Amino acid sequence: MKILVPVKRVVDYNVKVRVKSDGSGMETAGVKMSMNPFDEIAIEEAVRLKEKGVASEIVAVSLGVPQCAETIRTALAMGADRGILVETDAELQPLAVAKLLKAIADKEQPTLIILGKQAIDDDMSATGQMLAALLDWPQGTFASKISIEGEQITVIREVDGGLETVTLNLPAIVTTDLRLNEPRYASLPNIMKARKKPIDKLSPADLGVDPAPRLITLKVSDPPKRKAGVKVGSVAELVAKLRNEAKVI
Amino acid sequence: MTSLVLLEFDAAGIKQPSRSAVAAARKLGEVHALVAGSGLDEAAQAAARLPGVAKVLVADAPGLDHLLAEPAAALLVALAPAYSHLLAATTAVGKNIMPRVAALLDVQPISDIADVVDADTFVRPIYAGNGLATVKSADATKVITVRAASFDPVAAEGGSAAVETAAIPDLPNVSRFVSAALSKSERPELTAARVVISGGRGMQAGENFKLLEPIADKLGAAVGASRAAVDAGFVPNDYQVGQTGKIVAPELYVAVGISGAIQHLAGMKDSKVIVAINKDEEAPIFQVADYGLVADLFTALPELAAELERS
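Report follows, based on the coordinates. (Residues numbered from 1 in each chain as written. Chains lettered and ligands numbered in written order. Predicted model: local features only at pLDDT ≥ 70, side-chain atom pairs only at ≥ 80, totals over all residues.)

1. Here we look at the overall build of chain B
Note the following rule: Each helix is a run of H or I in the DSSP string that is no shorter than four residues. Each strand is a run of E no shorter than two, and both are numbered from the N terminus. Values of the radius of gyration come from C-alpha atoms, whereas the globule rule sets the reference at 2.2 Å times the count of residues to the power 0.38. Comment: burial labels come from other C-beta atoms within 10 Å of the residue's own C-beta, placed from the backbone, where a count of 20 or more is buried, 12 or fewer is exposed, and between is partly exposed.
Looking only at helices and strands, one finds eight helices and 18 strands in chain B. A globule of 311 residues ought to have a C-alpha radius of gyration of about 19 Å, and chain B, at 20 Å, matches this closely. Taken along the three principal axes of its C-alpha coordinates, chain B extends 60 × 40 × 40 Å. Here chain B holds 311 residues, and 59% of them are scored as buried.

Shown next, in the form of structure tokens:
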């Protein structure tokens, strides 16, 4: 079974990103970039399926600027077999990403595509579901456990009140939630080995997709600031303030 | 211009996040509501009583039970031509279904809107709420999920909408519901609670979350957690408040043993009053707290329970 795992290059989750002073977007120049954390979980799950003998090949895909190749290298160092980079400077929104990934899936014919449930930059939480729609495949989103048996995959999903279990026909889409696994760190020998693994380069035009965004960002502004609060000296003072000043209890 | 809102419901009626989605839709013009599943009489009546809903569509088919994404999206796509906007709350259900609908309609979804500027223009948080983007959609149909914490929900009672049966399209049969293991709790749901008390890594162990219970009982609060506490295995993921968990905006949010990572703040900083209890006085949570108590939570929590009990 071949598994496709799209990986996104995003601002590292430890970086506090600020709004640009002209309100045109977020300040991302010179900021540390990393693989989207949920995509690391996706790669890890694919590698575990390969280690169990369920998967035979893992293809990591990234879309965007040339530096996305570094994100693919990280996936290769974790255990993916080869990479595909769709290079473009265009702003890519989930609809365009889903179309590009569909074109790649049509070529690669994977049985399973595992994606992060959400990218921590645009927080859209949409690409996996959209790719499932375009491929006309079922989707198991926000997965905390998966198991593959024959032509089916069973997915335990994190839903609002607890867990939901669904069974999907393969091929299928899975999006990862936090507790699916704990991603490994790539070892130095594996990082070295990853340098020799192949990365194919394509353009959106090669895939016949117009990536033009449908959402135009008019401006980005700072969220409202909370005014500074006070420190209280004791539990009794806290309860008194909540009761008499804030009037919330 | 008419909007269609996909509603979620349970035995108690239409869920609060869905009523917030109706509130957002009312800013766009006429509102129709959709209930889907089987045995929908009560849900349809509850939907018809929502103020501001002009019509309720009832899609009654066993294939729509549990609102699996594949059949639910097929239904919404079949209904879409009559509507300018399709909306649902930003819940596990809404997030699962709406992007699928959008792709089938060849539109870019607008996720988790926090404000409506006009029929094409919306405000949504990006980068864990560190930025608020105003975005304008060029698509003919707008497919939207609504951040419930940003819109006061419409009341559960007061309206009297017409109820109509929706035609059911061919439903894909590629996914099957197996089971649900929902946390049983007497407490309110996190996203609907007036008070939320959350524990973080400082709780040190799952069993210590018991210390929050007498306080939650006294305040009628829901119990939540930071991602760090979920990652550490103290509590299940459905407790998680934050960028990658639930977004809450209660009257009172009490953060206990939570340092205040960016991704946690993203889920609770719209709360009306924030209390932080943490022994590290440098913890970033104090920068957003209205009332901060620098204390060891293992002494402060029993004291707080006793103090609330006393009065």
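2. Comments concerning the overall build of chain A
The criterion, for reference: What counts as a contact is two residues whose backbone-derived C-beta atoms lie within 7 Å of each other.
The secondary structure content of chain A amounts to six helices and 13 strands. Structurally, chain A occupies a C-alpha span of about 65 × 45 × 40 Å along its principal axes. When burial is assessed residue by residue, chain A has 49% of its 249 residues classed as buried. Counting only contacts in chain A whose residues sit at least 6 apart along the sequence, the fraction spanning at least 24 positions is 69%.

3. Let's talk about the interface of chain B and chain A
Reports often express the size of an interface as the amount of accessible area lost when the parts come together. To keep things clear, this is the line we draw: In this scheme, strands are said to pair when DSSP sees at least two bridges between them.
If you look at the interface, chain B gives 70 residues, while chain A gives 65 residues. In terms of strand pairing, strand 9 (residues 162-169) of chain A meets strand 13 (residues 175-182) of chain B through seven bridges, oriented antiparallel. Bridging from a neighbouring strand, valine 166 of chain A pairs with phenylalanine 177 of chain B of strand 13 of chain B.

4. Quick word on helix 3 (residues 69-79) of chain B
Burial of helix 3 of chain B is extensive: nine of the eleven residues sit out of reach of the surface. Every buried residue of helix 3 of chain B is accounted for by Ala69, Glu70, Pro71, Ala72, Ala73, Ala74, Leu75, Leu76 and Leu79 of chain B.

5. Notes on the sheet that holds strand 16 (residues 252-256) of chain B
What counts here: Angles run from 0 to 180 degrees between N-to-C directions of axes, and those axes are lines fitted to C-alpha atoms, restricted for helices to the stretch in contact.
Here six strands make up an open sheet; going across it, the order is 13(A)-18(B)-17(B)-16(B)-14(B)-15(B) and the pairing parallel. Each of the sheet's edge strands pairs with one partner strand only, and the pair in question is strand 13 (230-232) of chain A together with strand 15 (222-225) of chain B. Ignoring strand direction, the axes of neighbouring strands in this sheet form an average angle of 20°. Two strands pair when backbone bridges link them, and strand 13 of chain A and strand 18 (residues 291-294) of chain B are joined in this way by three bridges, in the parallel orientation. Bridge pairing in strand 18 of chain B places valine 232 of chain A opposite leucine 293 of chain B. The strands touched by helix 6 (residues 235-244) of chain A are strand 13 of chain A together with strand 17 (273-278) and strand 18 of chain B; relative to strand 18 of chain B, the strand with the most contacts, the crossing angle is about 170°.

6. Observations concerning the environment of glutamate 213 of chain B
Residue and element names in this part refer to chain B. Relative to the elements of secondary structure, glutamate 213 occurs in helix 5 (residues 213-219). A residue is classified by how many C-beta atoms lie within 10 Å of it, and glutamate 213, with 15 of them, is partly exposed. Separated by 77 residues in the primary sequence, glutamate 213 and lysine 136 have C-alpha atoms spaced 44 Å apart.

7. Comments concerning the sheet that holds strand 8 (residues 115-116) of chain B
Read across the open sheet, the four strands follow the order 12(A)-10(B)-9(B)-8(B); overall the sheet is antiparallel. Edge positions in the sheet fall to strand 12 (215-221) of chain A together with strand 8 of chain B, since each has one partner strand and no second. Across six bridges, strand 9 (residues 121-126) of chain B lies against strand 10 (residues 131-137) of chain B in antiparallel orientation. Across the sheet, the residue bridging to threonine 121 of chain B is lysine 136 of chain B, located in strand 10 of chain B.

8. Overview of helix 2 (residues 41-48) of chain B
Residues and elements named next belong to chain B. Under the convention used in this document: This arc corresponds to the set of directions leading from the helix axis out to the C-beta atoms.
Residues of helix 2 that are buried: Ala43, Ala44, Ala46 and Ala47. Along the long axis of helix 2, the arc covered by the buried residues comes to 160°, so they all point the same way. Every exposed residue of helix 2 that faces more than 90 degrees away from the buried side is listed here: Asp41 and Glu42. Check the buried side of helix 2 and you find it contacts strand 2 (9-10), strand 3 (13-14), strand 4 (30-37), strand 5 (53-60) and strand 12 (162-165).

9. Quick notes on unusual backbone geometry
Note that the residue after leucine 170 of chain A, namely proline 171 of chain A, is joined by a cis bond; omega there is 0°. Tracing the sequence through the fold places proline 171 of chain A in the loop between strand 9 and strand 10 (172-176). Phi at aspartate 123 of chain A takes a positive value of approximately 50°, unusual for a residue other than glycine. Within the secondary structure layout, aspartate 123 of chain A lies in the loop between strand 6 (112-116) and helix 4 (127-135). Accessibility expressed as a C-beta count within 10 Å gives 20 for aspartate 123 of chain A, which makes it buried. Here alanine 128 of chain B, not a glycine, exhibits a phi torsion of approximately 55°, which is positive. Locating alanine 128 of chain B in the fold gives a position in the loop between strand 9 and strand 10. The exposure class assigned to alanine 128 of chain B is buried, which follows from the 23 C-beta atoms found within 10 Å.

Such coordinate-based values are descriptive only and should not be taken to indicate function.
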